[in-house]
Amino acid sequence: MLVSAKEMLNKARDGKYAVGQFNINNLEWTKAILLTAEECKSPVILGVSEGAGKYMCGYSTIVGMVKGMIENLHITVPVALHLDHGTFEGAKACINAGFSSIMFDGSHYPIEENIAKTTALVNTCDILGISLEAEVGSIGGEEDGVVGMGECADPKECKMVADLGVTMLAAGIGNIHGKYPANWPGLSFDTLAAIKAEVGDMPLVLHGGTGIPDDMIKKAISLGVAKINVNTECQLVFQEATRKYIEEGKDLQGKGFDPRKLLAPGTEAIKAKVKEKMELFGSVGKA
Ligand code: 13P
């Protein structure tokens, strides 16, 4: 069964650990993450971007796949299926398809419009028992080859959005998606502390988990971060393992061309990465 992320995140906030959101791209990704969560007895959030949603044929295909895996793989840990950086339309489509958690990213709108659109989703999500993530202060990243340094959210705006009744809040603290540039100044803990002081108990979400040093992750958790998103790092280890398999000529040996063999090293690499992150975030044994 899919669950809302509310209970797992409130527990994480109280227990001073974080639940990982790992983005999925296909069957192998989903299977690797679910099996690792079960092995680690950790709650988990499967993230689906709108692009990945299209790639996997659409939201109902994903709901069917994830629900089927939970049953067939005997997954007993709490699993939330979450739309990552959703548009308003995307959020509604995922609610209709049966997702158990939604992110509406209105951070690129003026704050008034972000508030209006987030408010419109709060009620629906409440009635359906779906968790809702809002965002203030956009998370930087690579766009057209230019890497933005990551905005810092205005703590007062964070308070305004938190008060709408969302479940969790993503706020920019200098974090960016993808690899961090060599001259990245690091997370702004002053901003994080100021946001925490404004929003109180609201579980905070740290996007751009790839490449943030372990000590910064731990400090962020101690300051109120209860959900950490990781995507690129799983892609990188999958790519490295797949490249190695082919460079070693294993696809040319025997039935090495069989996709079940070809994709196995990458799948194992995702499992190892997810386990490493769950240990770092402190969610092992918390299911
Ligand atoms: P990374 O790709 O940098 O790990 O970021 C993931 C993320 O924040 C998804 O919303």
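Rules of the game
Residues numbered from 1 in each chain as written. Predicted model: local features only at pLDDT ≥ 70, side-chain atom pairs only at ≥ 80, totals over all residues. Helix = DSSP H or I, 4+ residues; strand = E, 2+ residues; numbered from the N terminus. Rg over C-alpha atoms; globule rule 2.2 N^0.38 Å. Buried ≥ 20, exposed ≤ 12 C-beta atoms within 10 Å, placed from the backbone. Contact = placed C-beta atoms within 7 Å. Pairing = 2+ DSSP bridges. Axes fitted to C-alpha atoms, helices over the stretch in contact; angles between N-to-C directions. Near = placed C-beta within 6 Å. Nonpolar A, V, L, I, M, F, W, Y, C, P; charged D, E, K, R; others polar. Right-handed = clockwise from strand over helix to strand, strands pointing away. Expected span 1.5 Å × (residues − 1). Parallel < 35°, antiparallel > 145°, perpendicular 65-115°, else oblique. Left-handed = near helix turned anticlockwise from the far one by under 90°.

### Description of the overall build of the protein chain
What the protein chain contains, in helices and strands, is 12 helices and 10 strands. Rg of the C-alpha trace for the protein chain: 18 Å, near the compact-globule value of 19 Å for 287 residues, within the 12% margin. Looking at the 287 residues of the protein chain, the share that counts as buried comes to 45%. Look at the contacts in the protein chain between residues 6 or more apart in sequence, and 71% of them connect residues 24 or more apart.

### Focus: the sheet that holds strand S8 (residues 168–171)
Ordered by their spatial adjacency, eight strands build a closed barrel running S1-S2-S3-S4-S5-S8-S9-S10, and the pairing between neighbours is parallel. Taking each pair of neighbouring strands and ignoring which way they run, the sheet shows an average axis angle of 25°. Judged from the four bridges that link them, strand S4 (residues 101–104) and strand S5 (residues 131–136) form a sheet pairing that is parallel. Opposite Ile102, over in S5, you have Leu132 as the bridge partner.

### Some words on the site of the ligand
The environment of the ligand is made up of 15 residues, and the closest members are His207, Thr210, Asn229, Asn231 and Thr232. Those elements giving two or more residues to the shell around the ligand turn out to be strand S3 (79–86), strand S10 (225–230) and helix H10 (232–247). A per-class count over the shell around the ligand returns one nonpolar, 12 polar and two charged.

### Considering the pairing of strand S2 (residues 44–49)
Summarising burial for S2: five of the six residues are buried, a large majority. Where strand S1 (residues 19–23) meets S2, three bridges bridge the pair, whose relative direction is parallel. The partner of Phe22 across the bridge, within S2, is Leu46. After leaving S1, the chain enters helix H2 (residues 27–40) and then returns to the sheet as S2, a path that is right-handed. Here S2 pairs with S3 via six bridges, running parallel. Within S3, the position partnered with Ile45 by the bridge is Ala80.

### With respect to helix H12 (residues 264–281)
For H12, which comprises 18 residues, the first-to-last C-alpha distance of 26 Å matches the rise-based estimate of 26 Å (1.5 Å per residue) to within 8%. Along H12, the residues that are buried comprise Gly266, Ala269, Ile270, Lys273, Val274, Lys277, Met278 and Phe281. At its buried positions, H12 is contacted by S1, H2, S10 and H10. Gly282, located one to two residues past H12, shows a positive phi value of around 85°.

### Observations concerning the packing of H2 against H12
At a closest axis distance of 9 Å, the pairing of H2 and H12 adopts a crossing angle of 40°. As summarised for this structure, H2 and H12 are arranged oblique, according to the angle between their axes. Of the two possible hands of crossing, H2 and H12 adopt the one that is right-handed. Residue-level inspection shows Glu28, Trp29, Ala32, Ile33, Leu35, Thr36 and Cys40 of H2 in contact with H12, the latter providing Thr267, Ile270, Lys271, Val274, Lys275 and Met278. Residues that form the contact of H2 with H12 fall into these classes: eight nonpolar, two polar and three charged.

### As for unusual backbone geometry
Of note, Lys16 is a non-glycine position whose phi angle comes to about 60°, a positive value. Tracing the chain through its elements places Lys16 in the loop between helix H1 (6–15) and S1. Phi is positive for Cys57, close to 85°, though the residue is something other than glycine. Here Cys57 is to be found in the loop between helix H3 (50–55) and helix H4 (59–72).

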